[in-house]
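Here is what each chain is made of, one letter per residue.
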Amino acid sequence: MAKPKKTPRPKAQTPKGFRDYFGAEVAQRTDMLRTIAGVYHRYGFEALESAAVETVEALGKFLPDVDRPNEGVFAWQEDDEKDNGDWLALRYDLTAPLARVFAQHRNDLPTPYRRFAMGPVWRNEKPGPGRFRQFYQCDADTVGSGSVAADSEICAMLSDTLEAVGIDRGDYVIRINNRKVLNGVLEVMGLSDDAQKADVLRTIDKFDKVGENGVRELLGKGRLDASGAYIDGVGLEAAQAEPVIAFLTSKAADTAGTLANLRAAIGESEVGAKGVDELQEMADLLAAGGYGADRIVIDPSVVRGLGYYTGPVFEAELTFEIKDEKGRPRSFGSVAGGGRYDDLVKRFTGQEVPATGVSIGVDRLLAALHMKGRLSTQTTGPVVVTVMDRGRMADYQAMVSELRAAGIRAEVYLGNPKNFGNQLKYADQRNSPIAIIQGGDELERGILQVKDLILGAKIAETATLEEWRDRPSQFEIPRGELVERIKQLLADQNG
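Each value, and the rule that gives it
Residues numbered from 1 in each chain as written. Predicted model: local features only at pLDDT ≥ 70, side-chain atom pairs only at ≥ 80, totals over all residues. Heavy atoms only, no water. Pairing = 2+ DSSP bridges. Helix = DSSP H or I, 4+ residues; strand = E, 2+ residues; numbered from the N terminus. Axes fitted to C-alpha atoms, helices over the stretch in contact; angles between N-to-C directions. Expected span 1.5 Å × (residues − 1). Core = buried A, V, L, I, M, F, W, Y, C linked by side-chain atoms within 4.5 Å. Buried < 20%, exposed > 50% of the residue type's maximum accessible area, 1.4 Å probe, protein only. Contact = heavy atoms within 4.5 Å. Salt bridge = Lys/Arg side-chain N within 4 Å of Asp/Glu carboxyl O. Polar contact = N/O pair within 3.5 Å; in protein donor to acceptor, adjacent residues only side chain to side chain. Disulfide = S-S within 2.5 Å. Phe/Tyr/Trp six-rings, centres within 6.5 Å; stacked < 30°, edge-to-face > 60°. Lys NZ or Arg CZ within 6 Å of the ring centre and 35° of its normal.

### Digging into the sheet that holds strand β4 (residues 87-90)
In space, the three strands of this open sheet follow the order β2-β4-β3, with antiparallel pairing throughout. Strand pairing shows two members of the sheet lacking a second neighbour, β2 (53-55) and β3 (75-77), which therefore form its edges. Ignoring strand direction, the axes of neighbouring strands in this sheet form an average angle of 30°. Sheet topology places β3 next to β4; three bridges connect them, and they run antiparallel. Bridged to Ala75 within β4 is Ala89.

Next comes the structure, spelled out in structure tokens:
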């Protein structure tokens, strides 16, 4: 009789494109989200927490600017007849759920509706270095206002948010463009074929990768890419493509010059002129609020998302230099983006509902702060009460209860207390600032031994003990002064 095959053990590994986050990382993200929420709340935005799952129908076209409709999400079909076999999916961003929420609850919500939302989103895309299938976004949107004052406010709030989380002024720039200006350019070009317009939009979207000459070639007959493969172009004549080049290269030394160049690029187009007027109004509103070109600029080279947005579009870029995986210097790049999307709610209501918003990539922002040395990779652990006698667990639990009641993070060592060295090793692994010790002798004398683990680590790194002679890393305190003395020691350590 053949032996039954053993069921193989599952592999202890995260799925491809996902990762685990541990204490310090989770704490840093929580702190950042709290800081961002504080800025959003100060601007009058209210929190919204919508479901992580939406119907595929509600999500609509997946992943804006990705040429894979109906792909890119984690979806499944309900098998319950009552649900009519509906397809459900994990949300791929926080904007599509907002459109559904506003359409569903619009009679109960104020207009304009100003909301912020934070949480994970999921994208079923090919993962890569620093590119995961689950990541955090932090959005703020105004629904129901067509005024460019709403767009300006979002940009001002984004500037304040970056500075609040630790990005210095001068280390970032928020760049603004407008889809209506591009529509004016397309009008001047005389394009009537929607497919050709889409090809031009895709080509414009490659400007930051291939530059001016590359765009010229792609708008014309085509070009060889870096691998040597030939990419067919849109097939435009040089003169017909010129308005696109003028649009993309319109940025001048100041706002007035940039706007003048854009007016030249859009010619007699009314929609293009409206877009330039909106940029002018945004610049004036931002200047009135004290947001100058050192923080926010009009920049026609911002082209990502122009196929999705309907008006102003903006992007926050960190400008400080980092090294890539090959040690080459480069700027960090974009950490947030957004714009006006007046057609999204219309899918549900049949009526145009103006909306504008921004999304911050929290994980990228955290990575930037790490590279700038603004975040530590460690968090301070709890005060650890060691166990010298298993029979006295009630005494040790009483100590941590007193500390916790005073707002001090504390825990009793719950491993095997037989080896005291392992207890201190555990405290070091937890990055604990203090260990508290009470054996039989200390109990009789009514005292506690307090071990300053932070000072102990400093002494261990020092060649001479002279400078620490008057400040021992372990000392006695009366049991009745536990909370008072530990509070003081923690304050001294943080001082």
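From this point, things continue past the structure.
### Concerning helix α4 (residues 148-165)
Between the first and last C-alpha of α4 there are 26 Å, a value that for 18 residues agrees with the 26 Å anticipated at 1.5 Å per step. Gly166 sits one or two residues past α4 and shows a positive phi near 120°.

### A look at the pairing of β4
By the bridge criterion, three bridges tie β2 to β4 in an arrangement that is antiparallel. Each residue of the ladder has a partner; that of Val53, found in β4, is Leu90.

### Brief notes about the nonpolar core
Judged by nonpolar contacts, the single largest core of 82 residues is most densely connected at Tyr40, Ile176, Val200, Val244, Leu318 and Leu365. When residues in this core are grouped by element, the largest group, eight residues, is from α4. Leave out the neighbours within four places in its chain, and Leu365 touches Met32, Leu162, Val165, Ile167, Leu318, Val335 and Ile360. Of all hydrophobic cores here, the second largest spans 19 residues; its members include Val383, Met399, Val450 and Ile486.

### A look at the sheet that holds strand β14 (residues 383-385)
Taken in spatial order, the five strands line up as β15-β14-β16-β17-β18 in an open sheet, and their pairing is mixed. Taken across any chain shown, the strands that pair with only one partner, and hence form the sheet edges, are β15 (410-412) and β18 (474-478). Within this sheet the neighbouring strands show an average axis-to-axis angle of 25°, counted without direction. Looking at chain direction, strand β17 (residues 447-452) and β18 are connected through five bridges and run antiparallel. Note that in β18 the partner of Gln449 across the bridge is Glu476. Where helix α16 (residues 453-461) meets the sheet, it contacts β16 (434-437) and β17, and its direction lies at approximately 50° from that of β17. Along the sheet face, helix α17 (residues 482-494) touches β14, β16, β17 and β18 and points at about 145° away from the line of β18.

### Comments concerning the pairing of strand β7 (residues 172-178)
The buried fraction of β7 amounts to seven of the seven residues, a majority that puts the element mostly inside the structure. Burial along β7 is two-sided: the face carrying Tyr172, Ile174, Ile176 and Asn178 and the face carrying Val173, Arg175 and Asn177 are both buried. Direction of pairing for β7 relative to strand β11 (residues 312-323): antiparallel, over a ladder of seven bridges. Bridge pairing in β11 links Asn177 to Val313.

### Considering unusual backbone geometry
A cis amide bond links Thr111 to the next residue, Pro112, at an omega of 0°. Counting through the fold element by element, Pro112 comes out in the loop between α3 (95-105) and β5 (113-122).

### Re the environment of Lys372
Checked against the element boundaries, Lys372 lands in the loop between α12 (362-371) and β14. A relative accessible area of 30% places Lys372 in the partly exposed class. Distance in space between the C-alpha atoms of Lys372 and Glu321 is 9.5 Å, their sequence separation being 51 residues.

### Some details on the pattern of salt bridges
The final tally for this structure, using the stated rule, is 27 salt bridges. Among the salt bridges present, the one from Arg202 reaches Asp199, with a minimum N-O distance of 2.7 Å. One end of the pair is Arg202 and the other is Asp199, both in helix α6 (residues 194-204) and three residues apart, which spans about a single turn. Residue Arg202 is classed as partly exposed on the basis of its relative accessible area, which comes to 38%. A salt bridge links Arg430 to Glu411, with the nearest nitrogen and oxygen atoms 2.6 Å apart. Of the two residues, Arg430 sits in the loop between α14 (420-429) and β16 while Glu411 sits in strand β15, which places them 19 residues apart along the sequence. The exposure class assigned to Arg430 is partly exposed, which follows from its relative accessible area of 26%.

### Observations concerning the side chain of Thr203
By the secondary structure assignment, Thr203 is in helix α6. Polar contacts involving the side chain of Thr203 include one to the main-chain carbonyl oxygen of Asp199, which spans 2.8 Å. Setting aside anything within four residues of it in sequence, one finds Thr203 in contact with Val215, Leu218, Leu219 and Val234.

### Points about the state of the cysteines
This structure, assessed with the given rule, holds zero disulfides. Here Cys138 stays free of any disulfide, with the sulfur of Cys155 as its closest cysteine sulfur at 16 Å.

### Description of the packing of aromatic side chains
Enumeration over the complete set of coordinates arrives at six aromatic pairs. Their ring planes at 75° and their centres at 4.8 Å tell us that Tyr308 and Tyr309 sit as a pair that is edge-to-face. Above the face of the Tyr21 ring, Arg19 is positioned so that its terminal group lies 4.1 Å from the ring centre. Taking NZ or CZ as reference, Arg114 lies 4.5 Å from the ring centre of Phe45, over its face.

### Here we look at the side chain of Asp141
Its location among the elements puts Asp141 in strand β6 (residues 134-143). There is a polar contact of 2.6 Å between the side chain of Asp141 and the side chain of Arg115. Excluding anything up to four places from it in sequence, Asp141 contacts Phe45, Leu98, Tyr113, Arg114, Arg115, Tyr341, Thr356, Gly357 and Val358.

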